[in-house]
Amino acid sequence: MKRIILKAAALATGAVLLAAPSFAAPVSDVAEAVTAAAEAAPAVPNPGNNAWMMTATVLVMLMILPGLALFYGGLTRSKNMLSTMTQIGATACLAMLIWVMWGYSLAFGDTTYEGTLGLFVSGGSYFLSGTDASSTAATFTDEVISKYVFISFQMTFAAITAALILGATAERMKFSAVMAFVPIWLTIVYFPIAHMVWAGGGLLFEDGALDFAGGTVVHINAGVSGLVLAYLLGKRRGYPSEPMPPHSLVMTMIGTGLLWVGWFGFNAGSALEADGSAGLAMINTFVATAAGALTWMVAERAAGHKGSALGFCSGVIVGLVAVTPAAGNSGPFGAILLGIIASLVCYVFVAKVKAKFGYDDSLDAFGIHGVGGIVGAIGTAVVYQPFLGGPGDGSTALGAQLGVQVFSVLVTIAWAGLGTLIAGFLVKLTIGLRVDEESEVNGLDISEHGERAYN
Amino acid sequence: MKFIIAIIKPFKLDTVREALSGIGIAGMTVTEVKGFGRQKGQTEIYRGAEYSTNMLPKVKLEIAASDDVAAQVVETIQSTANTGAIGDGKIFVLDLASATRIRTGESGETAL
């Protein structure tokens, strides 16, 4: 196998040299030989696609560190800044290691199971066995990309999804509890959902659910999991009677900007190629977000308040979340519509409805990612339609697609909710989820990490 | 000698300082402080969560003055820091027992 690839590579190099204008040689013979070799040799990744996917992967990494760390960190009180950022960083690292051990296997492994099991997980490829630098992964066309690049790209998704949950549990969850919860949660919640939605043979993939970059897998999943874990943890001491204003909206604004920039890797990278579909995802990631940001500020004015910086940041994130499942599945104006609607729904939910419930989702992981994700996932059925400029060919009726999308949302909510309940209880019954009262009052920075963010 | 403490709105500091220089006041101590009085605090809103802060930022001036200019100092601060709105602040006057200039050891009004 290796020999064939080497031979093909040598021939291809020769062809490039010969094709140069200064080299007038019997091109036809070589071309024939290349064609013959191409039939026998496996597909070789296009360097352009590979380069874009490597870039997209590190852009998603930028979303986590420092993007999400600053976004969440700024929203906490100053005594919990380091704890929030460190939990995010450590969670991402843990997710990366687990991904290469068994995560990739369960989500996208080479062994596909027959029957019911295959709807939920795959197998094989444990510790990336059987993968080397020449291995390739399929894209949505005839092209391939290097498998290590695909594995890395998907790795960052697992890492950011686990980190997103920490917004709901901030300022009171033990560091050790986070480290114990994340591996269990990834294994029983994230990997199966990623398989269901994105892997061939997966339950929702085969059902025809549209989720371009992770509206269900990442955002509804993280939002619902955060909500359940927030319930298990209980409210922060003093919430909601004591003021807990964000300690630095400047950091939150910086984090918002980094998240937006990184999100181009997240959304446009989900095309798995540097093609037109990636371009569509890119423009949608601009315009839906812009619409979401301004809509939130307009909603604040309409409610009789001032248009705020935090409102702007919240609207940016809602727009990004909502356009995630629709990124390559919508025209630009459908994406704007989605950004506007999701922003309005999330504003009403976070600013008005949330207070009526008794839970403490510290940084609104559910209110923004969960609710925005649900609006985006269901709305994708609408904006996909050709009458709104979507890329759909109209072969699936709007009603039928809506049914498929709602089903995928419900499955994700149920799976994430139940899985988090199991993982959360396991940790609660063994090492406990929450820091003690004194540690919480002193702040998690000093009590959990022995440092202060600001001296 | 009198010791004058004035709590004023922060944006009036420069106007008051210039006016006091104009009547020969050569020194003062200025501190940023927080407090409340009849003026209610302000409301902050973060994603719909409303917090009313009852402490407002003010500036505190401390001025030591001889008996004959003390009344003029009070009057100058009162007229320049005045906006007519609630929250303009207060002026307190205390008797000052002694004053000493650390560098020379002078005491009494010559130390002011």
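Residues numbered from 1 in each chain as written. Chains lettered and ligands numbered in written order. Predicted model: local features only at pLDDT ≥ 70, side-chain atom pairs only at ≥ 80, totals over all residues.

## Description of the nonpolar core
Ranked by internal contacts, the top residues of the largest apolar core, which has 138 residues, are Leu 68, Ile 160, Ala 162, Ala 163 and Leu 338 of chain A. The dominant element in this core, judged by the number of residues it contributes, is helix H6 (residues 147–169) of chain A, at 15 residues. Those residues in contact with Ala 163 of chain A that lie beyond four places of it in its chain are Ile 64, Leu 68, Ile 88, Thr 91 and Ala 92 of chain A. Judged by nonpolar contacts, the second largest core, of 13 residues, contains Ile 8, Val 16, Leu 61 and Ala 81 of chain B. (Core = buried A, V, L, I, M, F, W, Y, C linked by C-beta atoms within 7 Å. Buried ≥ 20, exposed ≤ 12 C-beta atoms within 10 Å, placed from the backbone. Helix = DSSP H or I, 4+ residues; strand = E, 2+ residues; numbered from the N terminus. Contact = placed C-beta atoms within 7 Å.)

## Some words on the environment of Ala 71 of chain B
Residue and element names in this part refer to chain B. Inspection of the secondary structure puts Ala 71 in helix H2 (residues 67–80). When the 12 C-beta atoms within 10 Å are taken as the criterion, Ala 71 is described as exposed. Measuring from C-alpha to C-alpha, the distance between Ala 71 and Ile 4 comes to 9.8 Å, with 67 residues separating the pair along the chain.

## Remarks on the domain arrangement of chain A
Split by domain assignment, chain A resolves into domain 1 (2–40) and domain 2 (47–449). Here the C-alpha centre of domain 2 of chain A lies 45 Å away from the C-alpha centre of domain 1 of chain A. (Domains from an automatic or database assignment.)

## Quick look at the sheet that holds strand S1 (residues 2–8) of chain B
Sheet strands line up and pair through hydrogen bonds in the backbone, either parallel or antiparallel. Residues and elements named next belong to chain B. As summarised here, the arrangement of the four strands in space is S2-S5-S1-S6, forming an open sheet in which the pairing is antiparallel. Strands with a single pairing partner mark the edges of an open sheet, and in this sheet they are strand S2 (29–35) and strand S6 (89–95). Across the sheet, the mean angle separating the axes of adjacent strands is 20° when strand polarity is ignored. Pairing analysis gives seven bridges linking S1 to S6, with the strands arranged antiparallel. Of the residues in S6, the one forming a bridge with Lys 2 is Asp 95. Against the sheet, H2 engages S1, strand S5 (56–65) and S6, with an angle of about 5° to S1. (Pairing = 2+ DSSP bridges. Axes fitted to C-alpha atoms, helices over the stretch in contact; angles between N-to-C directions.)

## Remarks on the interface of chain A and chain B
In this complex, chain A contributes 11 residues to the contact, which on the side of chain B involves six residues. For the side of chain A that touches chain B, the elements supplying multiple residues, two or more each, are helix H12 (309–323) and helix H13 (332–353) of chain A. Class assignment for the residues of the side of chain A that touches chain B results in six nonpolar, three polar and two charged. (Nonpolar A, V, L, I, M, F, W, Y, C, P; charged D, E, K, R; others polar.)

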